Structures are given as structure tokens and as C-alpha cells.
Amino acid sequence: MAGAIGFMIRLQIKTRVQYRVAFLLNRLAQIIAYASAFSAIWVLIHKFETLAGWRWPELALLLSFQLLGYGVGAALSFTQMRDLEDSVRSGRFDTLLVKPFSPWAYLVFSGLNLGYIGHIVLAVGMLVWSLSAVAIDWTVFRVSYALAALASSAALVCSMLTMIGACAFVLTRSRYLYSIFFGLWELTRYPLNLFPAPLQWLLLTALPMGFMNYVPVAYLLGKPIVVVGELGGVLAPLAGPLLVGLAVLQWRYCIRRYQGAGG
Amino acid sequence: MYGAVAQSAFQTQLAYRSQLWAHIFGQFIQVFFKIAIWQSVFGSLAQVDGVSLPQMITYAVLAGTVLSAWEWARLIQGIDVAISTGDIAVFLLKPLHYPLYLLASECGNLCFRVVAIVVPIVLTVALSYGLLPPASLLHGAAFLVFWALSFLIQFLLSLLFGLLAFWLMTAFSLEWLLQGLLALLSGSFVPLWFFPDSVTALVRHLPFAWIGFYPVAVYLGKLTPPQVFAYLALGVVWAAILGSGVLVLWRRATLRITVQGG
């Protein structure tokens, strides 16, 4: 299985290298688009000095966690799961069920989206810059916490996007749910203490996107954390693995109930 | 005939109801989170650069919802599909002008979104947070003209970017690039008043400023009547420049189709 996955990834790389210029242009455009959206936030902070008590380097750290977690997590899920409803409706998905290979692993790795490298490049750049500009007293615990939080962030995005996609097995449609995800995802560019309490609760319980970046970054910076408090901060890196577990259960449940899109 | 095209676009949108609900939800989240941001940064400040919090709430609704109601990305994606499948050639056989056909169809889409998304959001915010009326009758009337101009400039920019796909063969990068330019420079989120002095002179004269910033600045009475007319004229000049760009690109693009057909 590992060999097959390695082969699929090599194929993806070969395909992308075929259209090198288009690939690079697309990544450049994405980097410009994200940089512009972040610049709008920078303009805001430049004018008002802080946003809900956060200065620009702190906010840049928040943004880099969000973008890095998303870039890695979505590479392993988003386009594959978004297009799942098409293969369910056309019946192409049924052919995966009879293969001696996990349908999830086949979908994810045969469609591995290398395009997210643009997100990752920008996010790592911002991460390095913001870490040099904020004052964090680095200890072995904090370094391992930060690394675990980043991995958890990617796992969180990947499981949420996968859970939305798996709805296609039962509903035959799931694409419109992604616009709800991305509408809320944009909110994680800001510290959650900015928002009204119901929204804070929503983003830390039912749709736990706040654990992607707000909770771990606020914890690292020693800021008060809304709703879940400092204990929630310490435990934040567990949110990713927990949601992965939920996503696995939901995927299995949906596959068991899956009867094909036809009658 | 173009009226029928607009009507059919309006009715097509009705067919995608679950998508519409998700979209309305997303737009509601957007407008409320922008209001939360302005409430937070204004705090106890009465005014910042001569702008008050109630004015910023009105700004968030007008620039973020009303003037952004039209989905420009769908136009670029549609052109991309028409190019890559070859459907675009069909339009050359029909007795209509492709850019005009798109304009009519997008007018239908805009009307639909005003009815389905803009009206409910404007009413909700007006009842919950309160919206300011236009500064005067003249400013209110001028806002409607600026709104039409804002749509026209958005349409021409998107069409220009979409037609560039004839040469680049990928609309993906063009769509992202335009998204970035609009997010920062149109003032749909952060008004151009708040930009650092070193760049305001430039950003206030790019065509993007007429998409979000000037229409709302006019509505709120931040421009004197002579300024309103001066900036309206400048905006029309930009629309004319973009319009001629579209015509030139479209003529060249049609030649390219013939060449590729052999």
C-alpha cells in the first residue's frame, strides 16, 4: 500500500511538471491573492495599532498558523472531497469499492493537490518573520507544543473537509456545504475575542476551527483564551487527532450506508 | 433578445436552492463579522479620520454586501469552460455579440442576487444595528448611478481577465489575481480613507476604487457635489478604457479561434 501511494504521488509530480509555467503562475497568483487579503488586515492595524489587543506580528503568527495548517490539510482533502459528489453521482466511486485498496487512500493520494505549495511557501515565510518579531520564551515544551499544534491544525482542516465530503455518500450533494466552511474559515484570520460570544462558542465547539490557530497561538503568546481558557490552550494539540478519529468513524458510517446515487 | 437572456439567467439561479441558502448564510456571517471588527477597533472612539462607527457599519453593508453582490468569479469560470470545451465557437454562429450577451446574462444574475441576498441582509442589519440614510437626496441619487458604474467596472475587469485566458490557457491564476486586487484595492472591506498616506494617491485613482470605495463615500456624503461629478466622470473614463480593452481582446480572440479551427 505504501508503495502504491508513493507511486501515485510520483505520478502527480510528473503531471504538474508537464505544465511548469502554468503551475508556477497559478502559485504566484495565489500568493498575491493571500498577501493582498492579509495586507488589508495590515492596513487596519496600521491605522488602529491593535486589533482586539493583538499587534501585527502576533496577528501575522495567527495568520501563518491558519494558512500553513490549511495548506497541508487541504492538500490531503479539499479538491478530492469537493469532487467526490461528482464521482458518486456518475457512479465512478463505485469502481473504487471493488478495488483491493482503501477508497479513502486512493482518492486522497491519487488526487494529492500539490498546488497548495504556494500556500505553504507564503505561510512558512510569515511564520519565520512573525516568530522573529514576537517575544516568546522558547522552552523544549513550547517548541514541541508549537510543532504539535501545527500538525493538529492540518489534521483538523483535513478531517473537517473530509467529513463534509463524506456527506455526499448520504446526500449525494455536499459542495454547497464547503461555502459555509470557507465563510467561517475566513473568521479564523482574526482573534476570536473579537467576535460576539455565540460565534466564539460555535467556533470552539460544534465547528472547532478556533483550535486551528487562535487557541494555540494565544496560548504561546500568553494571551487570555476565550471560552476554553488556559487548560484548553494546553490541550489544543489534541483537537486534531480527536477530530481525525471522528472523521474516520463518520467516513465508515457513511460508506456503510452508501447505496449508490441511482435507484 | 438580450432582455430574454437576462431573464433566463435570473431563472437559472432559482434552480440551485441549497447553494443559495449556503451562500446567504455565508454572506450574513461576512457582514456581521465586519461589523464586529469595526465595533472592536472603534471601541470608545467617536470618530477616526472624520468617520464614525455608524458610518462604518453602513459602509460594511454597502461595500461588502450591496456592491459585492455580483459573483464576478463565476463569469471568469464560465468563460474558461466555454474556451476549454470549445463552446465559445457556438456564440460566433449566433446573431449576437458575445460580450453583450454576457453583460445581459450577468445583469440577470445581479438582479437575482439583489433580491435573494442583498434585500434580506440590508433589512436585517437596518433593524438590528441601524443603517444611515444617504447624506442628501443628491448623494442618494448619485449612489445609484455609482452602483451601476461599479457593476459595469467589475464586469469589464472580470471580462478582461476572463478573455486573457485565451492566451494563458488557464483562468485559474487570473481569477486569483483579480480576487487579490479586489480584496485590497476596491475598498470592499477596509475603506481607502484608512490607507497609509504614501499609497492613498495611487489607490484612490485605480479603477478598483470605483467598485467599492467611491459609491459608499458618495452615499455617506464624504464628497462635495462638484467632487461627486468629477469622480463620476473619472470613473466613466476608466469604464471606457476597460471597455475598449475588452473589445480589442475580443476581436483578437475571435481571430485566434479561426486560426485554431484550421
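Everything numeric here is computed off the predicted structure, so don't read it as measured data. (Residues numbered from 1 in each chain as written. Chains lettered and ligands numbered in written order. Predicted model: local features only at pLDDT ≥ 70, side-chain atom pairs only at ≥ 80, totals over all residues. Heavy atoms only, no water.)

Across the boundary between the two partners, chain B contributes 30 residues, which contact 33 residues of chain A. Counting each side, the surface lost to burial between chain B and chain A is near 2800 Å², with a carbon and sulfur contribution of 79%. Here chain B is connected to chain A by 1 salt bridge. Among the ionic pairs, A:Lys47 bridges to B:Asp49, the shortest N-O distance being 2.7 Å. At the boundary of chain B with chain A, the tally comes to 4 residue pairs in polar contact (both at pLDDT 80 or more). Elements represented by at least two residues in the side of chain B that touches chain A include exactly α2 (17-42) and α8 (172-185) of chain B. (Contact = heavy atoms within 4.5 Å. Buried area = accessible area lost by both parts, 1.4 Å probe. Salt bridge = Lys/Arg side-chain N within 4 Å of Asp/Glu carboxyl O. Polar contact = N/O pair within 3.5 Å; in protein donor to acceptor, adjacent residues only side chain to side chain. Helix = DSSP H or I, 4+ residues; strand = E, 2+ residues; numbered from the N terminus.)

Residue and element names in this part refer to chain A. Inspection of every chain in the model, using the stated rule, returns 10 salt bridges over all chains. Across the pair aspartate 83 and arginine 82 runs a salt bridge whose closest N-O atoms are separated by 3.1 Å. Of the residues examined, arginine 82 reaches a relative accessible area of 27% and is grouped as partly exposed. A network of salt bridges, in which partner residues are shared, links Arg82, Asp83, Glu85, Asp86, Arg89 and Arg175. (Buried < 20%, exposed > 50% of the residue type's maximum accessible area, 1.4 Å probe, protein only.)

On to unusual backbone geometry, then. Here the phi dihedral of A:Thr172 falls at roughly 60°; this positive angle occurs in a residue that is not glycine. Examined against the element boundaries, A:Thr172 turns out to sit in the loop between α9 (140-171) and α10 (175-185).

So, on to the packing of aromatic side chains. Following the criterion strictly, the structure yields 46 aromatic pairs over all chains and no others. Pairing A:Phe195 with B:Phe33 gives two aromatic rings, centres 6.0 Å apart and planes at 65°, and the pair type is edge-to-face. Here the residue A:Phe195 occupies a position in the loop between α10 and α11 (197-204), and B:Phe33 occupies one in helix α2, the pair thus bridging two chains. Seen in terms of ring centroids, B:Phe28 and B:Phe32 are 6.1 Å apart; in terms of plane orientation they differ by 20°. Their pairing is stacked. You can see B:Phe28 and its partner B:Phe32 sitting in helix α2, 4 residues apart, about one turn around the helix. Among the aromatic residues, those joined into a cluster by ring pairs are A:Phe48, B:Trp38, B:Phe42, B:Tyr59, B:Phe189, B:Trp193, B:Phe194, B:Trp210, B:Phe213, B:Tyr214 and B:Tyr231. (Phe/Tyr/Trp six-rings, centres within 6.5 Å; stacked < 30°, edge-to-face > 60°.)

For the rest of this paragraph, the subject is empty space enclosed by the protein. Residues and elements named next belong to chain B. Inspection of every chain in the model, using the stated rule, returns 1 cavity of 30 Å³ or more. For the largest cavity, the full set of lining residues is Val66, Leu67, Ser68, Ala69, Trp70, Leu110, Trp147, Ser150, Phe151 and Gln154. For the lining of the largest cavity, the element with the most residues is helix α7 (residues 137-168), which contributes 4 residues. Of the residues that constitute the lining of the largest cavity, the class distribution is 7 nonpolar, 3 polar and no charged. (1 Å grid on protein atoms, 1.4 Å probe; cavity = no way out; pocket = protein on both sides within 12 Å on 5 of 7 lines; lining within 4 Å. Points joined across faces, edges and corners; volume = space filled by probe spheres on them. Nonpolar A, V, L, I, M, F, W, Y, C, P; charged D, E, K, R; others polar.)

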